[in-house]
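Structural overview for review
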Amino acid sequence: EDQVTQSPEALRLQEGESSSLNCSYTVSGLRGLFWYRQDPGKGPEFLFTLYSAGEEKEKERLKATLTKKESFLHITAPKPEDSATYLCAVQVRWDTGRRALTFGSGTRLQVQP
Amino acid sequence: GAGVSQSPSNKVTEKGKDVELRCDPISGHTALYWYRQSLGQGLEFLIYFQGNSAPDKSGLPSDRFSAERTGGSVSTLTIQRTQQEDSAVYLCASSLGSGGSTDTQYFGPGTRLTVL
């Protein structure tokens, strides 16, 4: 059974205080690992897809990395507008016939000014 | 361009009533997904449509839940004889369905369902 575990559940940072969110996964044949951002009352907003170990992607203050067992979302010098819940999800190889994403429970990030 | 839209944004119903939730995917997207997000829990897959293929219904929690997709576009999720445990946010997502590296699922704003 595919499993995704995110830590910490909640994280409170001061503005400018860099940190990392963790996503550990167990999946039978990874096609891709996805990061989404979700603001209260809204649907998840796509951030990154990572496909292979060693891959890195960046967007503004965010950088996502991937190993064979986990992914990290690094937040550099965060601002209050980065406050949100960050969701990690995995998708298995398409030759399995499965397309659904399996999500972790998310990390609630609060950045204080 | 227009994103995934869902209606209604909020739905309050009484236990035992049937409800219909609607999803309009991004134009040109052939794949459509329904997920459920319960309070304090992660997103849970419900059903997946791809073109004219038979849908993947493996995530539907009971036979009270059903979904259809008409004309390869709009989808309706129906919950019959609603129960209080059905209260959740129901999210719809769509993707190109091409299998390429850009096949990302984009989500709508969700429908918040409250069963009294």
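Rules of the game
Residues numbered from 1 in each chain as written. Chains lettered and ligands numbered in written order. Predicted model: local features only at pLDDT ≥ 70, side-chain atom pairs only at ≥ 80, totals over all residues. Heavy atoms only, no water. Helix = DSSP H or I, 4+ residues; strand = E, 2+ residues; numbered from the N terminus. Rg over C-alpha atoms; globule rule 2.2 N^0.38 Å. Contact = heavy atoms within 4.5 Å. Lys, Arg positive; Asp, Glu negative; His and termini not counted. Charge placed at Lys NZ, Arg CZ, Asp CG, Glu CD. Areas by Shrake-Rupley, 256 points an atom, 1.4 Å probe, with all protein chains shown as cover.

It is worth spelling out the overall build of chain B at this point. When you go through chain B residue by residue, the secondary structure sums to zero helices and 10 strands. Secondary structure elements of chain B occur, N-terminal to C-terminal, as β-β-β-β-β-β-β-β-β-β. For 116 residues, the compact-globule estimate of 2.2 N^0.38 gives 13 Å, and chain B sits close to it at 14 Å. For chain B, the spread of C-alpha atoms along the principal axes amounts to about 40 × 25 × 25 Å. Long-range pairs, those at least 24 residues apart, make up 55% of the contacts in chain B between residues at least 6 apart in sequence. Taken as two groups, the 10 positive and 11 negative side-chain charges of chain B have centres that lie 4 Å from each other.

Within chain A one finds zero helices and 11 strands. Overall, chain A shows an N-to-C arrangement of helices and strands of β-β-β-β-β-β-β-β-β-β-β. By the compact-globule yardstick of 13 Å for 113 residues, chain A fits well, its C-alpha radius of gyration being 14 Å. On the principal axes, the C-alpha backbone points of chain A span a range of 45 × 30 × 20 Å. Considering only contacts within chain A whose residues lie at least 6 apart along the sequence, 56% involve residues at least 24 apart. Element-wise, carbon and sulfur atoms account for 45% of the exposed surface of chain A, whose accessible area totals about 5500 Å². For chain A, the distance from the average position of its 15 positive side-chain charges to the average position of its 15 negative side-chain charges is 4 Å.

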